[in-house]
Each structure stands twice: as structure tokens, then as C-alpha cells.
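These are the residues of each chain, in order.
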Amino acid sequence: MPELPEVETVRRALLKKVVGLKITDIKIKYENIINSDIDYFKRNIINKSIIDISRLGKFLIFNLNEGNIVSHLRMEGKYFYSNEDLDNKHVHVIFYFDNGYMLYYQDVRKFGRMEYKDSSELYTTTPLSLVGIDPILNKKFDYRLIYDKIVSRAVAIKTTLLDQSIIAGLGNIYVDEVLFLSKINPHRPSNEVTFDEVKSLCDNTKDILSLAIDHKGTTIRSYTSELNIKGEFQNFLKVHTKEYCPICNNKLNKDKINGRSTYYCANCER
Ligand SMILES: [Zn+2]
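Reading guide: rules and limits
Residues numbered from 1 in each chain as written. Predicted model: local features only at pLDDT ≥ 70, side-chain atom pairs only at ≥ 80, totals over all residues. Helix = DSSP H or I, 4+ residues; strand = E, 2+ residues; numbered from the N terminus. Rg over C-alpha atoms; globule rule 2.2 N^0.38 Å. Buried ≥ 20, exposed ≤ 12 C-beta atoms within 10 Å, placed from the backbone. Contact = placed C-beta atoms within 7 Å. Domains from an automatic or database assignment. pLDDT = per-residue confidence, 0-100. Core = buried A, V, L, I, M, F, W, Y, C linked by C-beta atoms within 7 Å. Axes fitted to C-alpha atoms, helices over the stretch in contact; angles between N-to-C directions. Parallel < 35°, antiparallel > 145°, perpendicular 65-115°, else oblique. Left-handed = near helix turned anticlockwise from the far one by under 90°. Nonpolar A, V, L, I, M, F, W, Y, C, P; charged D, E, K, R; others polar. Pairing = 2+ DSSP bridges. Expected span 1.5 Å × (residues − 1). Arc of directions from axis to C-beta.

Participant: Got a minute to help me understand the overall build of the protein chain in this structure?
Facilitator: When its secondary structure is counted, the protein chain shows six helices and ten strands. In terms of C-alpha radius of gyration, the protein chain reaches 20 Å, essentially the compact-globule figure of 18 Å for 270 residues. Oriented by its inertia axes, the alpha-carbon framework of the protein chain measures out at about 55 × 35 × 30 Å. Residues counted as buried form 37% of the 270 residues belonging to the protein chain. Contacts in the protein chain between residues at least 24 apart in sequence constitute 64% of all its contacts with a sequence separation of at least 6.

Participant: Sorry, what's going on with the domain arrangement of the protein chain here?
Facilitator: A common measure of how large an interface is: the accessible area buried when the components associate. Entries for the protein chain in the domain assignment read domain 1 (4-130) and domain 2 (143-264). Each of domain 1 and domain 2 has a C-alpha centre, and the two are 28 Å apart. The partner domain 2 presents 19 residues to the 17 residues of domain 1 that form the contact. Every element with two or more residues in the side of domain 1 that touches domain 2 is listed here: α1 (4-18) and β5 (78-82). Element by element, the count of residues in the side of domain 1 that touches domain 2 is highest for α1, at eight residues.

Participant: Please clarify how the confidence of the model for the protein chain should be interpreted in this entry.
Facilitator: Low pLDDT means the predicted coordinates in that region are not meant to be read closely. Considering every residue of the protein chain, the mean pLDDT works out to 94; 96% of them sit at 70 or more. A low-confidence stretch, residues 222-226 stays under pLDDT 50, and its non-local contacts, those more than four residues away or across chains, total 20 contacts.

Participant: It is not clear to me how the nonpolar core should be interpreted in this structure. Could you clarify?
Facilitator: Nonpolar side chains tend toward joint burial in soluble globular proteins. The biggest cluster of nonpolar side chains holds 60 residues, and the ones touching the most others in it are L170, Y174 and V178. For this core, the two domains that each supply at least three residues are domain 1 (4-130) and domain 2 (143-264).

Participant: Help me understand the packing of helix α5 (residues 172-182) against helix α6 (residues 195-214), please; the structure alone is not making it clear to me.
Facilitator: Each pair of packed helices can be described by the angle between their axes along with the distance between the axes. Contact pair α5 / α6: the axes reach a minimum separation of 9 Å and the direction vectors enclose 130°. Considering the angle they form, α5 stands oblique to α6. Pair α5 / α6 crosses with right-handed handedness. On α6, the residues touching Y174, E177, V178, L181 and S182 of α5 are E197, S200, L201, N204, T205, I208, L209 and A212. Split into classes, the residues belonging to the contact of α5 with α6 amount to seven nonpolar, four polar and two charged.

Participant: Could you clarify how one ought to interpret the pairing of strand β9 (residues 253-257) in this entry?
Facilitator: Put simply, side chains in a regular strand alternate between the two faces of the sheet. Relative to strand β10 (residues 260-264), β9 runs antiparallel, the two sharing five bridges. Each residue of the ladder has a partner; that of K254, found in β10, is Y263. Hairpin connection, β9 to β10: the antiparallel pair is bridged by two residues, and N258 has positive phi, about 55°.

Participant: Sorry if this is basic, but what is going on with the sheet that holds strand β1 (residues 23-28) here?
Facilitator: Two orientations exist for strands paired in a sheet by backbone hydrogen bonds: parallel and antiparallel. Spatially, four strands are ordered β1-β6-β7-β5 in an open sheet, and the strand pairing comes out antiparallel. Of all the strands in the sheet, just β1 and β5 have a single pairing partner and so form its edges. Taken over all neighbouring pairs, the strand axes of this sheet differ in orientation by 15° on average, direction set aside.

Participant: Would you mind going over α6 with me for this structure?
Facilitator: Because each turn of an α-helix spans 3.6 residues, side chains separated by three or four positions end up pointing in the same direction. Taking 1.5 Å of rise per residue, 20 residues should cover 28 Å, and α6 covers 29 Å from first to last C-alpha, within 8% of that figure. Considered for burial, the residues of α6 that qualify are E197, V198, L201, C202, T205, I208, L209 and A212. Across the axial projection of α6, the buried residues extend over an arc of 145°, all falling on one side. The exposed residues of α6 that point more than 90 degrees off its buried face are F195, D196 and D214. On its buried face, α6 is in contact with α1, α3 (143-151) and α5.

Next comes the structure, spelled out in C-alpha cells:
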């Protein structure tokens, strides 16, 4: 599943391709991808131009000269930009541009969603109103913004860190890495995490996500970013998908937390 660094990588790749282009038509082949009335979606987007692409957590936002398209790739969503016919049974939405190119939204699992939002309601209505603090976009991101939210919960710290309404954009891979660097066992109840540990979680979250963005994200299983850019951060992972701890060489634990594969060192992470 694309996490913050992968979505940021897609954003940067798309930015170079589609900004300035006018959308002349849209073909919607699988209507459930669109989270609103289909006619409303089309009416508000056709004949608009893309002036920027922004991001909040794992949401991509195509900023139009009037209004916005909010897009979430979920498990397998991908965009392809081309002037060739790339249509296939996994392509569900096609945007046509005034330069003869198309933007294809392909999604094998069909879990991705997109919708049109007026600018006045972009951040005040769902889904973006439910998104927490983005550790990369918010330059003031530190322990003061999340300490109370973290220690008020009794669930496993990993579950809390995956909650997009607190920290936006951390997913399964990077949470394992952040907890390892912070030496915190992912099963530890959130309300037993200390003040210094929350500080450490914040610092490591920023460091890991920034480094992952520099390396264009992580390519595990099906994730490739738009235009076949391969992320390289899998070469820098310390515990996720690994067998042995890089610090003490103990065999890593591999458990499920909320159904998500969790890698950690029971010796180093307490
Ligand atoms: Zn260890």
C-alpha cells in the first residue's frame, strides 16, 4: 500500500506532467471509484485546468483553476500519463487533456477513490477534515502536537501510529521502522509510552519519511510509482520484511497487529 513517501513521489512525478493542462473529457468505466454523483464529478471537472498538485497524508489533491479532485490510491491505485492507448480492464478512469495526452487511473483491487471538492470545503469536509497532522508538510510537527493524543489511548502504540487522524501518512512499513529506531515495542500500550519516547517517535517519523521521499519510496510487492519510477528505500529498511536485528542480531519477531504484518526486535524494542 502506498504510504506518504510513495504518494509524495507520485505527486512529484505527476506535477511535471499534468500541471497546466486542461481536462477536455473524462471516461469513468467503474463508477464506484468516484465517491460522488458521476454527473456532478464530470460537470465540475471537464474544461478545468490543473494548476497544481498537492498532498495531505496519503491523499493526492489535483488543484484545478476552480475546485479540486481528491484522490486516494488505497492498496493498488496507480496513475499513468501517456499519449498512447493504455486502456485495459484494470483502468477505471481516464482523463483526456487538451494536448492529446491521457491520464489513466489503474487499480487492480478497485479500492481507490476520487471525488470533486469545492475549494471552500476542501479541508472542512470529509475525507480531508479527518486527516491528522502531516509530518512533512507541517513544519511545526513535534511532540507537542501529538503527545496528548498518543498517551490518552490504551491500544498498542503501533495501532495508534497507524491512525491517520493523529499522524497522517504513516503506514505499516514506516511505523515498524520508526518504532525500531525509537526502541519501542509495537505491542506496548500507547498510554505507557513516555514523554521522551514520544519526542523520539516524532523525530524518527520526520527522519524516516524524509529519507524515504529522497529515495522515491519503497518498492515492496506491487508498488511502483507513476511512470515506472522504482522506489529504492527497501534497501534502507532495518526491520520491516527482515529476519535479523541489525543491532543485536536476534531473530526478529513477526506478529500481526490489527491484521498487519509487524516486524520488531523483542530485545531492542521494549
Ligand atoms: Zn535487536
